[in-house]
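So you can see what is in the structure, the chains are spelled out below.
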Amino acid sequence: MVEKQVLTVAKAVEEKLDEEICALDDLEVLRERKLKKMNRWISLGHGEYSDISSDKEFFSLVKASDRVVCHFYRHNWPCKVMDKHLSILAKQHIETRFVKMHAEKSPYLAEKLRIVVGFDELGAETSLAQRNWKRG
């Protein structure tokens, strides 16, 4: 009787180990898929915060990547602060392409995408900071 119980337990342990080995194989497949995605993203420029210079380049990268964050900037202090933070985020979120484009050099995109240049829409604190910065 004890022998039968030991065999039953041994069989249950063996089945559990087989399930775990199968799960590890599935994890390896998932890992390989993720690595392929990451390599594709890196080849597209993900992980960096880059400056683009033309509407054509903008449309090409938007078509190539599923997620894109584009900062339409001007040469001013708030935009430089935004650049700093977007550069950090680009490294942390490799699944998203982060780029910037000079807003005044792209009137077509600014009009079509209804780009508002400035931080006034973000709240009074930002607007106040801009006004104080301009004075001082």
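Bear in mind the structure is a predicted one, so any value in this text is a computation, not a measurement.

> Explain the pattern of salt bridges to me, please; I cannot follow it from the model alone.
A side chain with one charge may pair with a side chain of the opposite charge, provided their charged atoms come close. As enumerated under the stated definition, the model contains three salt bridges in all. With a shortest N-O distance of 3.6 Å, E32 and R31 are connected by a salt bridge. For E32, a relative accessible area of 36% puts it in the partly exposed group. Among the ionic pairs, K100 bridges to D83, the shortest N-O distance being 3.3 Å. Here the residue K100 occupies a position in strand β3 (residues 97-102), and D83 occupies one in helix α3 (residues 77-92), the gap between them amounting to 17 residues. For K100, a relative accessible area of 19% corresponds to the buried category.

> What am I meant to see in the nonpolar core here?
Considering soluble globular proteins, one finds that nonpolar side chains tend to be buried as a cluster. In terms of nonpolar packing, the biggest core is built from eight residues, these being I52, F58, L61, F72, V99, M101, A103 and L109. When residues of this core are traced back to their parent elements, those giving at least two are α2 (55-64) and β3. The residues touching F58, leaving out its near neighbours within four places in the chain, are I52, C70, F72, M101, L109 and L113.

> Just to check I follow, could you spell out the sheet that holds strand β2 (residues 68-73) for this structure?
The strands that make up a sheet are held in pairs by hydrogen bonds between backbone atoms, and each pair lies either parallel or antiparallel. The parallel open sheet is built from three strands, whose spatial order is β1-β3-β2. Both edges of this open sheet fall to β1 (49-52) and β2, since each of them pairs with a single strand only. Strand-to-strand twist across the sheet, computed as the mean angle between neighbouring axes with direction ignored, equals 30°. Strand direction decides the pairing type here: β2 and β3, joined by six bridges, are parallel. Counted as the bridge partner of V69 is F98 from β3. Together, β1, β2 and β3 form the strand contacts of α3, whose direction differs from that of β2 by roughly 165°.

Cut-off values and rules
Residues numbered from 1 in each chain as written. Predicted model: local features only at pLDDT ≥ 70, side-chain atom pairs only at ≥ 80, totals over all residues. Heavy atoms only, no water. Salt bridge = Lys/Arg side-chain N within 4 Å of Asp/Glu carboxyl O. Buried < 20%, exposed > 50% of the residue type's maximum accessible area, 1.4 Å probe, protein only. Helix = DSSP H or I, 4+ residues; strand = E, 2+ residues; numbered from the N terminus. Core = buried A, V, L, I, M, F, W, Y, C linked by side-chain atoms within 4.5 Å. Contact = heavy atoms within 4.5 Å. Pairing = 2+ DSSP bridges. Axes fitted to C-alpha atoms, helices over the stretch in contact; angles between N-to-C directions.

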